[in-house]
Amino acid sequence: MRQDVFVSGRVNLRRWIALIALSMGWAGIAQAADDPTTPQGFLAYPPYNGFVFEAVHLLPARHDQLTVDEVDDDTLFRGMSDIRLASAASFDDESELDGQRAERRQKQAVLTAVPDQVAAEFKAMQSAPNGDAAYAIGKHLPEAIRLYTAAAIDFHAAHPATIVRQADLEWPKPLPPGPMDTEQLAALDKALPRFQAVLDLPDAVKSSRVVAAAYMLGRSHALRGGPGDAAAAEKAFVLTRTLARAGMPDPQGLAVASFGDQARLRRAAGDLASTIGLYAEQAARGSIEGVESLKWVAQSLYLDPQGMAKVEDIPQGQRLLLAYALEINDDGRVREYVYSPGGHPYLNVDNGTMDLIVRTAKQWPKEKIAWPDRLASIAYRTGDFEFAHALVDGQSTALAWWLKAKMLLAEGKLSDAEANYKKALAMSPATPDPNGLSPFNESAACAELAQLERVRGEFVPAMRDQLACDRTYMGFPAPDLLLYLAERVLSLKELQDIVAALPPDPSMHTGRVLDYDSALLHSALAKRLVRANRYQEALSYADIEGNVATTVNDPSFDTGLSQSLKSQHDFIQAYATASDQTANATSAIEKAAAWYQLALLTRVEHGVILDHDAPLYKDKAAPIFHGVSASERDRLRNNYVTPDQDNLRWFVAFDDAYKAAQLLPPRSQAYAAVLCHAAHWMYQAPVVDNRDPVTGLRDAWMLYVKHGAHVSWASHFGHQCPDPDFDAAARPSWIKQWQKLVPRLHVHPWLASAFAFALLATVLVFASLRRLRGKKMSFDSPNT
């Protein structure tokens, strides 16, 4: 590769929203090591599952006929629930589960629909001022719909409040509505007997509204709150679920909602265990309201100095409180602080509350601690490593092995730590385990294992393990680590062997891989081979499927390159051809065209041809991750390529364009156009080291003024430039002059050509006669 054609930067491919490799510990002050040891705090950040994951896994997945129907703005809760439910139900993907839910709701909606012939009457009922008026209007409706609609109007008059959803863990629970006035109580007293009347109808008549009536009967009793109302409400909520399980239509998901309503009654009665259990049943079915309700329970326990003591005999309550405490102290930004290269300040931790949780648990008998691994995470976070060790001793959960690995790292036992990481991952199946690691943490633990292998100098295993993790666990790829190893650490042979072992996509006849990691590494390998002048090998790895984003595919950007160039493969092929032509073309004009093509490719598509995806730095290829062994640093130096500034491509393109101009006729349009483009690139370029674009802009202009011919667009020089006409530059000057003359003759082109040939014949005849006359005169001379 030409040494002046290298530019460091990043292609759009590496901006894919993503989890990247774990790189730092608590303090963020670690320095690179000179031997295979770890810096202080390396991979020390305490692991934990997110609150949502823990909330939806308090109970095993439920597979009854109860359906959730909620409108929510935060897809996180529903997404986590659906992933969990889908995996437990052995569905191929979430869409299959969603399709079954939608189909079931659609069938139930048909069973509960208002007949078309009375639709107008039903609409009039809904507009009635009260239940009595509505009932009088709906004379022709089925009795169940008539009774239920009239009762619902009275209930709405008594309780017009709506549910407020809150996703943030720190937001408090909304205040309950105030006491009802006399009119509201009267409306509620009228609604209750009508809801009950629906339940008392014959089965064939009541089915369309029986689930809804049972649910609303429970809500009405709960809202009234008189003697015996709480017990009646709970009975109605249980009946709601019984009817739905029996196959009665429930398109609104009221049976699942009834868990939450009953839980509120249990909480008001001080029954914390039942409260958590009922909310857990709701959350286990994918209800965002169930998750939010569990959040409020956990929040109240966390803020209560006696919170941990209150859940001593409630295993689900312990898990809930520990999950809330772990996540609330990350301020919801764990990815920002842990899963990116470089240093970040360690988050402030509410050590007072965390310490109180640990101190309380220390007073319990060992058998009272329902979740030792979760509690160990809190002890580890507060710095109580002795208690954390004691809690995970003898535990074989994935989280316990992970914590053991981190504590071994802190002790400098890297080999043992690596073994524990592998045990943690062996405990984590490809589908979420209710008591294991969340999908996020499964891939995070794997990323940490790869980082540890890198620190130990096991570079090829680190790459292979990271690739395997990305395919196995339901997390996100780690492009920064993959590119770092591929671009800067592995040898070309090692990288080629890894890429060759990647599994192909069987749906592609080309045998190419389409998954993200494979596309990433194929692209990186192709560019490394280009930088090594091994163009033909590079072409065998270059992307042909459009996985690598290119500038030319942006219709708003006029690159000046051929529209036939679409993929990375196309651009590398064009780059290789142009490079060859600069040395082997048969004419100066062809070489000039090749240099200009190189300039365009470097300026526009350097990112997909030869650019580094992993960032490089001037400080002798300084590492971007913490904990660098001597062998890794040697590899960094050996793979270091200079210059490495992102913006040097502007000057490389300028130099190539200048070489093109030197080979062109100064009075040609191509000469002026090439210098115009070179000036334009300098107009856009930033200052890079000692190269000032203003100097380049001035030099291009002065060169044109000194040698170039006047062109109509000279006033826009360096701003608006036409494509250079190399074909015209290759034609002899007398042909160009003649082509300028022809339009001025104002005759048909074939007549002009005939005139030209006649004129030429005449000239030749006169020349012949003149030569003959000259010979005759010489024969007649007396001196002959």
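Since we're looking at a predicted model, the values are computed, not measured.

Draft legend 1. Highlighting the overall build of the protein. Of the regular secondary structure elements, the protein holds 36 helices and zero strands. In the protein, buried positions account for 51% of the 784 residues. Surface summary for the protein: the accessible area is close to 36,000 Å², and the carbon and sulfur share equals 55%.

Draft legend 2. Spatial organisation of helix 25 (residues 492–500). Regarding helix 25, the residues found buried are Leu 492, Leu 495, Gln 496, Ile 498 and Val 499. Viewed along the axis of helix 25, the buried residues span an arc of 165°, placing them on a single side of the element. For helix 25, exposure combined with an orientation more than 90 degrees from the buried face picks out Lys 493 and Ala 500.

Draft legend 3. Spotlight on the packing of aromatic side chains. The final tally for this structure, using the stated rule, is eleven aromatic pairs. The interplanar angle of 70° and the centroid separation of 5.5 Å between the aromatic rings of Tyr 380 and Phe 385 together place this pair among those described as edge-to-face. Taking the relative accessible area as the measure of exposure, Phe 385 reaches 35% and is therefore partly exposed. Ring plane angle 70° and centroid distance 6.1 Å describe the contact between Tyr 535 and Tyr 575, whose orientation is recorded as edge-to-face. Here Tyr 535 is found in helix 27 (residues 535–541), whereas its partner Tyr 575 is found in helix 28 (residues 568–584), with 40 residues between them in sequence. Overall, the relative accessible area of 15% leaves Tyr 535 in the buried class. These aromatic residues form a ring-pair network of at least three members: Phe 51, Tyr 302 and Tyr 324.

Draft legend 4. View of the nonpolar core. Of all hydrophobic cores here, the largest spans 89 residues; its most connected members are Met 463, Leu 485, Ile 609 and Leu 664. The residues touching Met 463, leaving out its near neighbours within four places in the chain, are Leu 482, Leu 485, Ala 486, Leu 490, Ile 498 and Leu 521. Core analysis: the next-biggest nonpolar cluster, separate from the first, contains 80 residues, Ala 244, Ala 379, Phe 387 and Leu 449 among them.

Draft legend 5. Geometry of the packing of helix 18 (residues 372–382) against helix 19 (residues 385–392). Put simply, helix 18 and helix 19 touch, their axes get as near as 8 Å, and they point 165° apart. Relative to helix 19, the element helix 18 lies roughly antiparallel. Crossing of helix 18 over helix 19 shows left-handed handedness. Taken together, the residues of helix 19 that come into contact with helix 18 (itself represented by Pro 372, Leu 375, Ala 376, Ala 379 and Tyr 380) are Phe 385, Phe 387, Ala 388, Leu 391 and Val 392. Split by residue class, the contact of helix 18 with helix 19 holds ten nonpolar, no polar and no charged.

Draft legend 6. Structural context of a nonpolar patch on the surface. A cluster of nonpolar residues, Trp 701, Met 702 and Val 705, forms a patch on the protein surface that exposes about 290 Å² of accessible area. Examined against the element boundaries, Met 702 turns out to sit in helix 33 (residues 693–707). Since its relative accessible area comes to 49%, Met 702 is described here as partly exposed.

Draft legend 7. Spatial organisation of the state of the cysteines. Scanning the entire structure with this criterion turns up two disulfides. Paired through a disulfide, Cys 446 and Cys 469 show a sulfur-sulfur distance of 1.0 Å. Here Cys 446, found in helix 22 (residues 439–455), pairs with Cys 469, found in helix 23 (residues 459–472); they are 23 residues apart in sequence, far enough to count as distant. Residue class for Cys 446 comes out buried when judged on its relative accessible area of 1%. Here Cys 676 connects covalently by a disulfide to Cys 721, the sulfurs 1.9 Å from one another. Because the sign of the S-S torsion sets the handedness, a value of about -75° for the bond joining Cys 676 and Cys 721 places this disulfide among the left-handed ones. On the criterion of sequence distance, the pair formed by Cys 676 in helix 32 (residues 669–684) and Cys 721 in the loop between helix 33 and helix 34 (726–730) is long-range, its members being 45 residues apart. Taken in N- to C-terminal order, the disulfide-linked cysteines of the protein are connected 1-2, 3-4.

What counts as what
Residues numbered from 1 in each chain as written. Predicted model: local features only at pLDDT ≥ 70, side-chain atom pairs only at ≥ 80, totals over all residues. Heavy atoms only, no water. Helix = DSSP H or I, 4+ residues; strand = E, 2+ residues; numbered from the N terminus. Buried < 20%, exposed > 50% of the residue type's maximum accessible area, 1.4 Å probe, protein only. Areas by Shrake-Rupley, 256 points an atom, 1.4 Å probe, with all protein chains shown as cover. Arc of directions from axis to C-beta. Phe/Tyr/Trp six-rings, centres within 6.5 Å; stacked < 30°, edge-to-face > 60°. Core = buried A, V, L, I, M, F, W, Y, C linked by side-chain atoms within 4.5 Å. Contact = heavy atoms within 4.5 Å. Axes fitted to C-alpha atoms, helices over the stretch in contact; angles between N-to-C directions. Parallel < 35°, antiparallel > 145°, perpendicular 65-115°, else oblique. Left-handed = near helix turned anticlockwise from the far one by under 90°. Nonpolar A, V, L, I, M, F, W, Y, C, P; charged D, E, K, R; others polar. Patch = residues over 30% accessible without salt bridge, like charges linked within 9 Å, V, L, I, M, F, W, Y side chains within 5 Å. Salt bridge = Lys/Arg side-chain N within 4 Å of Asp/Glu carboxyl O. Disulfide = S-S within 2.5 Å.

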